[in-house]
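Results of the structural survey
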Amino acid sequence: MIPREIIKNALNEGRTKLLEHEAFQVIKYYGINSPDVVVVRNGEEAKSLADKIGYPVALKIVSPDISHKSDVGGVKLNLKSPEEVGRAVDEMLKTVKTKAPNARLVGVLMYRMAPQGLEVIVGGVRDGIFGPVVMFGLGGIFVEVLKDVSFRVSPIRMEDALEMLREIKSYKVLEGYRGQPPVNKDAIAEIIVKTSKLLEENPEIESIDLNPVMAYPDSAMAVDARIILKKP
Amino acid sequence: MIDKFFNPSSVAIIGASDKPGKVGKVILENFLKKFNGKIYPVNPNYDVIMGLKCYKSVRELPEPPDLAVIVIPAPSVPEVLEELGAKGTKAVIIISGGFRETNTPQGEMLEEKVKEIAAKYGIRIIGPNCIGIFDNWSGVDTFFLPEEKMKRPPKGYVGFISQSGAFASAIIDWMAYNNIGVSRAVSYGNKVDVDDVDLLKFFMSDEKTKIVLMYLEGLKTSRGKEFIKVARELVKVKPAVIYKAGKTSRGSMAAASHTAALAGDYSLYKSAIKQSGLIEAESFDEIMDIAKVFLTQPLMNGNKVYVVTDAGGVGVMLTDALTSQGFEMPRTPPDLKEELRSILPPHCIVENPIDLTGDTDDERYMKVLERILPRKEVDAVVVVALPQVPGIRGLLADYLIEAKNKYGKPIIAVAIGGEEARKISQKLESGGIPVFESPERAAKALKALYTYSMIKKEV
């Protein structure tokens, strides 16, 4: 499905938050590098797809009614075989049904876990005055505590995005530290540019958080995507 | 269209008065003193006011005035506006308060009515709840602060846009005191119609304005993009300095979103200011310091700065201040070192900062500057002249003023001290060399000049 249809669907169902796999579909459409995700309904289905996904596999419950997935047993990580995956899916569905009996369950999201990289955040928000604006920051304490982030008003060109990277105080972290190699700044900047385009072209989107984006020496990948729609 | 606000051939003052202390009196007096076009006072209680025929109502006016200034209580404003619209007036300044800013349903309703009527007749409005326009070239002056309280600056080239009337009048008074010329100043209050974007556009093509200063609290909803676009056009032509104050209320956001939570107003404004090529001033001092430099100095070609001082300590402070602003202070090359040594007493220091020491005189400065200014590794010079030194007599000031034009490079000065410093400063500043009381302020002001020089190259 193309973003317009995904968004229309969600709004028709009265949802202002896209489900995980929907959010991934939207960012993929804009060429933002992210893991391939599938939604399965039971352990059997999961087992048959696990080899194709690749290991280690991560599982997350998909439900419009659950926001804190791990609280209800809706997250499992590091699964390494088809059997393990199948079992985990069945278990998860059971646990979640017990802990959140009223929640609608769409299925279980399955994807190959991304290797650890430098965690950064790319976010976008529609501002009442400036329209779409995009944020960049390093993950963790850099954003949470130090609020070390930079913004640009869309449209954002590649050179603006690179400037956003240079603008944060913790920029040097991107250049490598304690033996860590530098990350690929162009790859991050590309995600920023694409996020800007995504916001420009979909006025129904109120905000988007790609958190974290794993940055590697040769690439970058959004491993979680959260898209909030405007209340109609 | 906005032009009619600044260059009307006739003006009606609705609510004109001759009662002491009345806003309608001060404004009428302002126009009488400086405005060359026709003035129509409107007030049902007078036949004649300050020697002018006074009209009972707008309907009675012999022609539609180019500009109308309204200074009557808010509840009567819509009616008068309606009459002005019917008459054919297209530019209206509403000084009166009592609208949305009161946060009352009545105030909001009145403002809505004003908007409606303006849209119906195609009237442009500045205000309400503002002090309007001070135009030094046309004599339009609705600043209702009497001259004995707020001096008017000389005719000049600084244009102002200010959301706050108090700030506008304070800065006008300050500029008058410091003899800095102003072209036109606008305080737009509630911004029901004419806003920052319109005014930036106006100032872009205004020949009398060479630099724009702006005090902004917040832009109107959805105006951000247009603001950036117009500002980028403006800065191709002239520098603009902005001071962002306060916060605006925006629609509620998805609080669950990380980005939304971090997108505080100011961080977005800061980015927008950067994207637009405006120069951001972070304090009142900075606004004025930057204005002084922009008004008098040529742009910089690069970021290399030389310091010539008669006080070692101030030289060191300046080195810290300049380098922390990102300036490079190049080492003196061997050939220049040689040259300087041959003309200076052995106790002088020829490294950058060049220290001419406390026994210097005007001539020593002049000899050194004559050799430094033409060098290609020098993009700007900061001269520290501590006036307490006995050899400084005044020749240096004349030389600096000439040298700035001769070499086309920025020259600024730092003078710390009391009365003597003030004397030297006045002489330098009247000749177009800005003087700063602290190394840090000098460095920041120069940084603004450098930043704009680079923006200008880019756009």
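Because the structure is predicted, anything quoted here is derived from the model rather than measured.

1. Notes on the confidence of the model for chain B
Residues and elements named next belong to chain B.
- When pLDDT is averaged across chain B, the result is 92; 95% of the residues are at 70 or more.
- Below a pLDDT of 50 lies the segment residues 247-256, which in the model reaches 26 contacts outside its immediate sequence neighbourhood of four places, other chains included.
- The complex prediction reports pTM at 0.90, with the ipTM value standing at 0.86.

2. Examining the sheet that holds strand β17 (residues 411-414) of chain B
All names here are of chain B.
- If you trace the five strands from one edge of the open sheet to the other, you get β15-β14-β16-β17-β18, paired in parallel fashion. Of all the strands in the sheet, just β15 (354-355) and β18 (435-436) have a single pairing partner and so form its edges.
- Relative to β17, strand β16 (residues 380-384) runs parallel, the two being bridged by four bridges. Across the sheet, the residue bridging to valine 383 is alanine 413, located in β17.

3. What about the UniProt feature "domain: CoA-binding" (unreviewed entry) in chain B?
- Cross-referencing UniProt, the feature "domain: CoA-binding" (unreviewed entry) maps to residues 5-99 of chain B in the present numbering.
- Along residues 5-99 of chain B one finds 26% helix and 23% strand; the C-alpha atoms at either end are 22 Å apart.

4. Some words on the UniProt feature "domain: ATP-grasp" (unreviewed entry) in chain A
- UniProt annotation of "domain: ATP-grasp" (unreviewed entry) refers to residues 24-60 of chain A when read in the numbering used here.
- As annotated, residues 24-60 of chain A comprises 46% helix and 22% strand, and the C-alpha atoms at either end are separated by 13 Å.

5. Examining the pairing of strand β7 (residues 149-153) of chain A
Residue and element names in this part refer to chain A.
- In terms of burial, β7 is a largely internal element, five of the five residues being buried.
- Of the two faces of β7, the one lined by Val149, Phe151 and Val153 and the one lined by Ser150 and Arg152 are each fully buried.
- Two elements, strand β6 (residues 131-138) and β7, share five bridges in a ladder whose sense is antiparallel. Of the residues in β7, the one forming a bridge with phenylalanine 136 is serine 150.

6. Some remarks on the pairing of strand β14 (residues 305-309) of chain B
All names here are of chain B.
- When you tally the buried positions in β14, you get five out of five residues, the bulk of the element.
- A two-sided burial pattern is seen for β14, the buried positions comprising Val305, Val307 and Thr309 on one face and Tyr306 and Val308 on the other.
- As paired strands, β14 and β16 are joined by four bridges and run parallel to one another. Bridge pairing links valine 305 to alanine 380 in β16.
- Pairing of β14 with β15, which is carried by two bridges, proceeds in the parallel orientation. Counterpart to threonine 309 in the pairing with β15 is aspartate 355.

7. Focus on the domain arrangement of chain A
Residues and elements named next belong to chain A.
- For chain A, the assigned domains read domain 1 (1-112) and domain 2 (118-229).
- One C-alpha centre belongs to domain 1, the other to domain 2, and the line joining them spans 24 Å.
- Opposite the 20 residues of domain 1 that make contact, domain 2 presents 21 residues.
- For the pairing of domain 1 and domain 2, the buried interface totals around 1,800 Å² over both sides, and the portion due to carbon and sulfur atoms is 68%.
- Counting the surface domain 1 buries against domain 2, the share from its top three residues, Tyr30, Ile32 and Asn33, is 33%.
- Between the two partners, domain 1 and domain 2, sit one salt bridge.

8. Here we look at the nonpolar core
- Grouped together as the largest cluster of nonpolar side chains are 113 residues, with contacts concentrated most on A:Phe130, B:Phe5, B:Leu322 and B:Leu446.
- Sorting elements by how many residues they give to this core places helix α16 (residues 439-458) of chain B first, with nine residues.
- With near-sequence residues (within four places) excluded, B:Phe5 lies in contact with B:Leu67, B:Ala91, B:Val92, B:Ile93, B:Arg124, B:Ile125, B:Ile126, B:Ile133, B:Val140 and B:Val194.

9. Comments concerning the packing of aromatic side chains
All names here are of chain B.
- Summed over the entire model, instances satisfying the criterion amount to 14 aromatic pairs over all chains.
- Ring geometry for phenylalanine 167 and phenylalanine 284: centres 5.7 Å apart, planes at 85°, overall edge-to-face. With a gap of 117 residues between them, phenylalanine 167 in helix α5 (residues 165-177) and phenylalanine 284 in helix α10 (residues 284-296) connect regions that are remote in the sequence.
- Ring centres of phenylalanine 294 and tyrosine 452 lie 5.6 Å apart, and the angle between their planes is 80°; this geometry places the pair in the edge-to-face category. Here phenylalanine 294, found in helix α10, pairs with tyrosine 452, found in helix α16; they are 158 residues apart in sequence, far enough to count as distant.

Rules used throughout
Residues numbered from 1 in each chain as written. Chains lettered and ligands numbered in written order. Predicted model: local features only at pLDDT ≥ 70, side-chain atom pairs only at ≥ 80, totals over all residues. Heavy atoms only, no water. pLDDT = per-residue confidence, 0-100. Contact = heavy atoms within 4.5 Å. Pairing = 2+ DSSP bridges. Helix = DSSP H or I, 4+ residues; strand = E, 2+ residues; numbered from the N terminus. UniProt positions renumbered as here; feature names shortened; annotations may be inferred. Buried < 20%, exposed > 50% of the residue type's maximum accessible area, 1.4 Å probe, protein only. Domains from an automatic or database assignment. Buried area = accessible area lost by both parts, 1.4 Å probe. Salt bridge = Lys/Arg side-chain N within 4 Å of Asp/Glu carboxyl O. Core = buried A, V, L, I, M, F, W, Y, C linked by side-chain atoms within 4.5 Å. Phe/Tyr/Trp six-rings, centres within 6.5 Å; stacked < 30°, edge-to-face > 60°.

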